[in-house]
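Listed here are the chains, written in short residue letters.
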Amino acid sequence: QVQVVESGGGLVKTGGSRRLSCAASGSIFMINTMGWYRQAPGKQRELVATITSDGGTNYADSVKGRFTVSRDNAKNTVYLQMNSLKPEDTAVYSCNVNGRYSDYGPFRLWGQGTQVTVSS
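Report on the accompanying structure. (Residues numbered from 1 in each chain as written. Predicted model: local features only at pLDDT ≥ 70, side-chain atom pairs only at ≥ 80, totals over all residues. Heavy atoms only, no water.)

### Focus on the overall build of the chain
Right, so step 1: When you go through the chain residue by residue, the secondary structure sums to zero helices and eleven strands.
Right, so step 2: Secondary structure elements in the chain, listed N-terminal to C-terminal, are β-β-β-β-β-β-β-β-β-β-β.
Right, so step 3: Compactness check: the chain gives a C-alpha radius of gyration of 14 Å against a globular reference of 14 Å for 120 residues, within 12% of the reference.
Right, so step 4: Principal-axis analysis of the C-alpha atoms gives the chain an extent of 50 × 25 × 20 Å.
Right, so step 5: Classification of the 120 residues of the chain by burial places 42% in the buried group.
Right, so step 6: Look at the contacts in the chain between residues 6 or more apart in sequence, and 55% of them connect residues 24 or more apart.
Right, so step 7: Carbon together with sulfur atoms contributes 47% to the accessible area of the chain, which is approximately 6300 Å² in total.
Right, so step 8: Distance from the positive charge centre (13 side chains) to the negative charge centre (8 side chains) of the chain: 3 Å. (Helix = DSSP H or I, 4+ residues; strand = E, 2+ residues; numbered from the N terminus. Rg over C-alpha atoms; globule rule 2.2 N^0.38 Å. Buried < 20%, exposed > 50% of the residue type's maximum accessible area, 1.4 Å probe, protein only. Contact = heavy atoms within 4.5 Å. Areas by Shrake-Rupley, 256 points an atom, 1.4 Å probe, with all protein chains shown as cover. Lys, Arg positive; Asp, Glu negative; His and termini not counted. Charge placed at Lys NZ, Arg CZ, Asp CG, Glu CD.)

And the structure:
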């Protein structure tokens, strides 16, 4: 009924940039907080950045100053602009969307994830 799809991953050189997109679609009444998480092999999933419906943001210390999260409410889409990428940023990046169905109640959904690989 509601789909969350990420895109924009790929192989990037150290110091390069990449922009990830996450689009939610379906029977959505509204979306509250949207966020990006990442998980590297052998490590637990960690918060990267979140953004509220009014534009408030929160970042992990490891990405502050390098990553920027933004959203387009009309498109139910959240973006993650990644600059000055490091090999340590290599991970599967997943999008989390919190909102409310048009015909039911609240939801919290994850996208399938998109791989970002930063070569050294």
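### Structural notes on the pattern of salt bridges
Right, so step 1: For the coordinates displayed, the defined rule picks out four salt bridges.
Right, so step 2: D61 serves as the salt-bridge partner of K64, at 3.4 Å between the closest nitrogen and oxygen.
Right, so step 3: Under the relative-accessibility criterion, D61 is labelled exposed at 66%.
Right, so step 4: With a shortest N-O distance of 2.8 Å, R66 and D89 are connected by a salt bridge. One end of the pair, R66, is in the loop between strand 6 (57-59) and strand 7 (67-72); the other, D89, is in the loop between strand 8 (77-82) and strand 9 (91-101), and 23 residues separate them in sequence. (Salt bridge = Lys/Arg side-chain N within 4 Å of Asp/Glu carboxyl O.)

### A few points about the side chain of T77
Right, so step 1: As for its position among the elements, T77 is in strand 8.
Right, so step 2: The exposure class of T77 is buried, given its relative accessible area of 7%.
Right, so step 3: At 2.9 Å, the side chain of T77 forms a polar contact with the backbone oxygen of K75.
Right, so step 4: Residues contacting T77, with those up to four places away along its chain left out, are C22, A23, M34, S70, R71 and D72. (Polar contact = N/O pair within 3.5 Å; in protein donor to acceptor, adjacent residues only side chain to side chain.)

### Section: the state of the cysteines
Right, so step 1: A full pass over the atoms with the stated rule returns one disulfide.
Right, so step 2: The partner cysteine of C22 in its disulfide is C95, sulfur to sulfur 2.0 Å. Taking the sign of the S-S torsion, -80° for the link of C22 and C95, the bridge is left-handed. With a gap of 73 residues between them, C22 in strand 3 (residues 18-26) and C95 in strand 9 connect regions that are remote in the sequence. (Disulfide = S-S within 2.5 Å.)

### Here we look at the sheet that holds strand 7
Within a sheet, neighbouring strands are paired by backbone hydrogen bonds and run either parallel or antiparallel to one another.
Right, so step 1: Spatial strand order, 1-3-8-7: four strands in an open sheet with antiparallel pairing. Looking along the sheet, the strands with just one partner apiece sit at the ends: strand 1 (2-7) and strand 7. Averaged over all adjacent pairs, the angle separating strand axes in this sheet is 15°, with direction ignored. (Pairing = 2+ DSSP bridges. Axes fitted to C-alpha atoms, helices over the stretch in contact; angles between N-to-C directions.)

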